[in-house]
Each structure stands twice: as structure tokens, then as C-alpha cells.
Amino acid sequence: MAEERQTVYEEGGSSTAARRRGLGLSLAVSTGEAPSSRRLSSVAVWPEHFVESVAAQVAVDAALSEGRLAAGPAIANFFQVNSTWREISHSEMLWQDLTNRVWSHHHRHLPSWRAEFIQLHRTAQNFRMHRSVHSRLLAPTYPARSCCCLSISDAYLAAGFLDGNVCVFTLPNGALIANFSCHPSRDRLGRFSQCVSGLAFLSNPNRVVFAYRDGDVHVGLLNDGPLGTSHRAHAGTVMVDGSLVDFTGNNQWWVGLFAGAPGRSWHVWDANTEQLIYVGGSLTDADALMGWRMLTDFGAPVVGHVRLAGSGMAVGCSSSRIQVMDLENPGFVINELVLQQGEPAVDAVDATREGRIVYVDLNGVAKVCRVPVLDEVCSFDALRRDMQGQHHREVARVVACMNWGYVICFSSWAGVWDSHTGEFLYRFRERIGHVVAAVGNNRNVAAWSDDSGLHLWDFGAISSEAVGVLAIDVAQQIENNLHLEPASSFLKLYQCSWQQEMGELKEEKQWLKRGE
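Residues numbered from 1 in each chain as written. Predicted model: local features only at pLDDT ≥ 70, side-chain atom pairs only at ≥ 80, totals over all residues. Heavy atoms only, no water.

As recorded in an unreviewed UniProt entry, the protein goes by the name Transcriptional regulator sterile apetala, listed as coming from Rhynchospora pubera.

Structure below.
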């Protein structure tokens, strides 16, 4: 690391004195100690743009070597050098660059980029330390028997149901703002042809795209009243394409994965024109029969999944292969991974815009891979049978979702793993029952259980007082459910946990203040 930083400083000046100043500063940053007064006078005259570049590199180096949460303390130590450099720490261009490079976040929602960076750091820290607020948005009987799929953005959460209804909620308050209904007048082929296969959010204006199993694709305007209005962007032809098993999209492309007709697995639309621009591929040809069965049997095995990953790439998974398609050149398969026999990838699949994908096979083993090379980053037992004392052959269905740094797996319980190392971090306190669908982003996790309905966990930055109240409230709920005495060990345990979290928040505030 010291050698890398020395190289950065040498680019700013060719003299030996400049190189020495770079080495001295590198030591100060890594140890958190301020350099001597003699060295202070020499480094203080560096140009502002050069200091900003070096500060950004220090934060990026820390994030790459120790994780993104290390970038904040590193940049705070950097600006302890002198008061002149601390003034530079208020540069909006610097914090915008740091937010983009460290957190891959390009849209500002707060008044300043510095506040945006701090918010992202605190939210990520909450995710790692299990600080969240849980709420239930829908009961299990509303409005249909089961939820089929979920989709999430920074501002909205959508749930698609078995009867074709789509409910949209605002985040983070979870208010229901729209309910889109299917069009019953159209003839249907199969009992579950109106089941929602996938959803996606669009912006400018805010819209939701939802696709049915028979291939119909609809677009609905948000903020258009509780009874949302939508138009059909594409009319599906089941007898030609088969059933639509999964659907996703963004502002540029919509991607559907079909099964039932050979050579027609992939469907790609231009999101701006709503026109179908590509049909082809054989990813699901081997599962054609199961694709037809999904129209009549809701409990049929999942045939495939499709997700957007990275810039201009879609990842499709079937029971035998994983394919990465170039959406800039639809039909061109960048890479393909043939799975070993008995290692189907479709039980639980999710991907991130940072270019990573997670899949869980039927044995409960989760694997995180990079896209498009599909090399394995880490793997872990999503069922934690060693912790539960279960026999190796006893497996349960796993539903997984992921964000930039964590994988969340739901089975008979919910757990969180580090997506870079495979380290198990913690399990959710709430037992919500059998989970059918789950989705997550950098701040929220949502899951539908047929036993208890739609649940939302918010890991957004919360105050230390809220953390204390939340921990004690959770402990009291546990005690009430178990009919324990107020002075029981459960309450003491959560009070100790609250005190530990309070201490961590104080440490976090210290480095934030040092950067001011």
C-alpha cells in the first residue's frame, strides 16, 4: 500500500523532496498521526486539486484493501494533516468523486455530496452491525393468495401477485400508493397465465413495468392515484414463445426469459420505444416441458431466472447453464458456465449493478461470482446446518437477494453473509415463516411470506437514540411472546447489545467529526 501511495505522490512532482513528503504523509495517514511541524509547512503548499486527487486515492485504496467501510476513517485521518487541508475536505467535487468511486452511487438525494457519502457509510455500517427497523406492509390474505415476485428501487417497492395484481409502496415509509389490476377480458391459456412473472421500475416519469406469465408486458404510471392505470406495451403469444418465467429491466432495456419454445429463450425490448428488438437463444430449451407446466401448476419447479448485472449485461440461469448476454449487442453471449450435474442454479438467483451474481443450488450452497467472467468469489452454506445440527441431506428451499456487500438468505430463518468473504454475520430476529420472494438494495430488504405477509427491513441511517429504543423494544416483544419476567436474561442481553451498538456509533461519530 505504501508503495502505491508513493507512486501517486511521485506523479505530482519529480523532486526527491516531493517523494519524501509523499512517504511521510503516507505514514501519517496509515497511523492516524499528524506529521511533524517541519513537514507540515512543506506539504501545506500543495495545489488544492492535487490534494483532492491524493485524498480520493487514499480512500479508494482503503476501500479496495479493507472494504468500503474503511474509506471513511481513512479520509478522516488524511485531513488531520493541517487546517488548510481540512478546508479542502468541504469540496463538493471531492465528495462526489468519493461517492461515485467508493459506493458506486451517482445520484444525490441529500443537500450535499458529503452528506450523501456519510449517509451511505452509516447505512452500510447498520447493515453490517444489524441495526434496522422492521415493519409489516401487507397481511398474507391481501389481495390474493400469494405474492410471486418483488422489485425495489431507491424510492419504491413493488409486489406482483398470483391473480395479476401489482401493489406499489413508497420507501422508506411503506405507504401503498398504487394498485394495478390485470385485464380479465383477455382469453387465458392456463390457470396461472395471469400470474406476475417480473417487475421493474423506470424513471422520468416514474413508472412500473410488470409482465405476466403469458408474455403480456404492461407499463403503469406511479403517483396517478390508488387505482393505477396502465397500458399494454407488448401482447404475449404463448403458443409461439412459451411461458414467461422471469422478467427484469431498467431505463434502457427490458429482458424476459421464456421457456416452452426452442430457440426463443431470450426476449429483449428497447425501454424507450417499448419495441421488441431481439428474440433467440437456447438457454431454457432443455426445460421446455417445465415451462408449459408453469402455466397450470404454481408449485412447479422454477425453470430459470434473469437479472441485470453490471453495465449493459444480463445474466440468465437455467438448471444446466449460466449465460451472460451483452445487451448492447443482443444475442451475443459474452460468457457461459455449464453447471455440474445435480447443481441447478435457479433455486435462488440475484445480481448487483456492481457486477456480481449469487445463486443457491438445491443443496443449499450459495456461490457468489463476478460478471462476466463468472469466476467464484466465495461460497457458503446458506442453511447453516452446522449451526442447526441438521443432517447434510436435510435441505430446504432458499430464497436469496443481495446488495453491494451482503447476501441475505431466507429459509426457515433469515441470515446475512458478507458477499466478498462468505463470512456469516448474523440472523434476523424476526421469524416470518415460509418465504416465497425476497429483494434488497443498499438500504432495504423486503420479503413475502405466505404465513405472515409482506415484510420490510430498513437499514437507513438512524440516530443513536433510535437504536437504543429499537433494541429495548425488540427485547420487550420477545419477553412478552415468551411470557418472561421483566428482569429476565433476554432483556439484559439486548440491553448489553444496545450499549455495544451505542459505543460503535460514538466511534463512528468521532471520525466523522475529524473530517469536518
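From this point, the discussion proceeds with the structure in view.
Trainee: Help me get a handle on the overall build of the protein, residues and values and all.
Mentor: Scanning the protein for helices and strands turns up 13 helices and 28 strands. When each of the 516 residues of the protein is scored for burial, the buried share is 54%. For the protein, the proportion of contacts with a sequence separation of at least 24, taken over those separated by at least 6, is 49%. (Helix = DSSP H or I, 4+ residues; strand = E, 2+ residues; numbered from the N terminus. Buried < 20%, exposed > 50% of the residue type's maximum accessible area, 1.4 Å probe, protein only. Contact = heavy atoms within 4.5 Å.)

Trainee: An account of the packing of aromatic side chains is needed here, citing residue identities and associated values.
Mentor: Within this structure, the stated rule accounts for 21 aromatic pairs. Here the aromatic rings of W103 and F117 are separated by 6.3 Å at their centres, their planes lie at 70 degrees, and the arrangement is edge-to-face. You can see W103 sitting in helix α7 (residues 92–103) and its partner F117 sitting in helix α8 (residues 113–129), a full 14 residues away along the chain. An identical accessibility class is assigned to W103 and F117; each is buried. On the basis of an interplanar angle of 45 degrees and a centroid distance of 6.4 Å, the ring pair of F428 and F459 is categorised as tilted. In this pair, F428 is assigned in the loop between β25 (424–427) and β26 (435–440) and F459 in the loop between β28 (453–458) and α12 (464–482), connecting sequence segments 31 residues apart. You'll find F428 and F459 in the same group, each marked buried. These aromatic residues form a ring-pair network of at least three members: W95, W103, F117, F127, W404, Y406, F410, Y426, F428, W457 and F459. One cation-aromatic arrangement involves R427 over W413; the distance from NZ or CZ to the ring centre is 4.4 Å. (Phe/Tyr/Trp six-rings, centres within 6.5 Å; stacked < 30°, edge-to-face > 60°. Lys NZ or Arg CZ within 6 Å of the ring centre and 35° of its normal.)

Trainee: Kindly report on the nonpolar core, identifying the contributing residues and their values.
Mentor: Counting 48 residues, the largest nonpolar core has F410 and F428 as its most contacted members. Per-element accounting of this core gives the leading share, ten residues, to helix α4 (residues 48–66). Not counting residues within four places of it along the chain, the set of residues in contact with F428 comprises H130, I408, F410, A414, V416, W457 and F459. Among the nonpolar cores identified, the runner-up in size contains 18 residues, and L150, L157, C167 and A446 belong to it. (Core = buried A, V, L, I, M, F, W, Y, C linked by side-chain atoms within 4.5 Å.)

Trainee: With reference to specific residues and values, describe the pattern of salt bridges.
Mentor: Tallied over the entire structure, the rule returns eleven salt bridges. A salt bridge links D97 to R101, with the shortest nitrogen-to-oxygen separation between them at 3.4 Å. Taken together, the residues span about one helical turn, with D97 and R101 both in helix α7 at a distance of four residues. By relative accessible area, D97 is classed as partly exposed at 29%. Measuring nitrogen to oxygen at the nearest pair gives 2.9 Å for the salt bridge that ties R370 to D375. Bridged by salt links that share partners, the residues R128, D418 and E423 form one connected network. (Salt bridge = Lys/Arg side-chain N within 4 Å of Asp/Glu carboxyl O.)

Trainee: I'd like to hear about the side chain of R321, residue by residue, with values.
Mentor: Tracing the backbone through its elements, the reader meets R321 in strand β16 (residues 321–326). There is a polar contact of 2.5 Å between the side chain of R321 and the backbone oxygen of S282. From its side chain, R321 meets the backbone oxygen of L283 in a polar contact 3.5 Å long. Sequence-distant contacts of R321, defined by excluding residues within four places in its chain, comprise S282, L283, G316, E336, L337, V338 and L339. (Polar contact = N/O pair within 3.5 Å; in protein donor to acceptor, adjacent residues only side chain to side chain.)

Trainee: So, the sheet that holds strand β24 (residues 414–418): which residues are in play, and what are the values?
Mentor: Judged by pairing direction, the sheet is antiparallel, and its four strands sit side by side in the order β22-β23-β24-β25 without closing on themselves. Edge strands, defined here as strands with exactly one partner in the open sheet, are β22 (399–402) and β25. Averaged over neighbouring strand pairs, the angle between their axes works out to 20 degrees when direction is ignored. Across five bridges, the pairing between strand β23 (residues 406–410) and β24 is antiparallel. By the bridge assignment for β24, V407 is matched with W417. (Pairing = 2+ DSSP bridges. Axes fitted to C-alpha atoms, helices over the stretch in contact; angles between N-to-C directions.)

Trainee: Tell me what's going on with the confidence of the model for the protein, and back it up with residues and numbers.
Mentor: For the protein, per-residue confidence averages 79 on the pLDDT scale, and 75% of positions sit at 70 or higher. Under a pLDDT of 50 for its full length, residues 1–43 has, in the predicted model, 48 contacts with residues more than four places off or in other chains. Low pLDDT, under 50, characterises residues 463–505; the stretch is placed with 41 contacts to residues that sit more than four places away or in other chains. (pLDDT = per-residue confidence, 0-100.)

Trainee: Could you give me a rundown of the sheet that holds strand β19 (residues 356–360), with the residues and numbers involved?
Mentor: Strand pairs in the sheet, formed through backbone hydrogen bonds, run parallel or antiparallel to each other. With antiparallel pairing, the four strands of this open sheet are ordered in space as β18-β19-β20-β21. The strands lining the two open edges of the sheet, one partner per strand, are β18 (348–352) and β21 (376–381). Neighbour-to-neighbour, the strand axes of this sheet turn through a mean angle of 15 degrees, independent of strand direction.

Trainee: I'd like to hear about unusual backbone geometry, residue by residue, with values.
Mentor: That bond from L171 to P172 is cis: its omega, 10 degrees, falls within 30 degrees of zero. Backbone geometry at H130 places phi at a positive 65 degrees, although glycine is not the residue there. Structurally, the position occupied by H130 is in the loop between α8 and β1 (133–138).

Trainee: I'd like to hear about the pairing of β24, residue by residue, with values.
Mentor: Of all five residues in β24, five are buried; the element is thus mostly enclosed. Residues A414, V416 and D418 line one face of β24 and the alternating positions G415 and W417 line the opposite face, and both faces are buried. Counting the residues in the hairpin turn of β23 and β24 gives three residues. In this sheet, β25 lies alongside β24 in antiparallel orientation, the contact comprising three bridges. Opposite V416, over in β25, you have Y426 as the bridge partner. Turn length for the β24-β25 hairpin, with the two strands adjacent in sequence and antiparallel, is five residues, and the turn residue G422 shows positive phi of about 80 degrees.

Trainee: Now, about the state of the cysteines: what can you tell me, with residues and values included?
Mentor: Applying the stated rule across the entire model yields zero disulfides. Not engaged in a disulfide, the cysteine C147 finds its nearest cysteine sulfur in C149; these two sulfurs lie 6.2 Å apart. Classification of C147 by relative accessible area gives buried; the value is 0%. (Disulfide = S-S within 2.5 Å.)

Trainee: Could you give an account of α4, with specific residues and numbers?
Mentor: Here α4 contains 19 residues, and its C-alpha end-to-end distance of 27 Å stays within 8% of the 27 Å for a straight helix at 1.5 Å per residue. Note on α4: the residue one or two positions beyond its end, G67, has a positive phi of about 105 degrees. (Expected span 1.5 Å × (residues − 1).)

Trainee: Run through the environment of M93, naming residues and quoting values.
Mentor: Mapped onto the secondary structure, M93 falls in helix α7. You can call M93 exposed: its relative accessible area is 66%.

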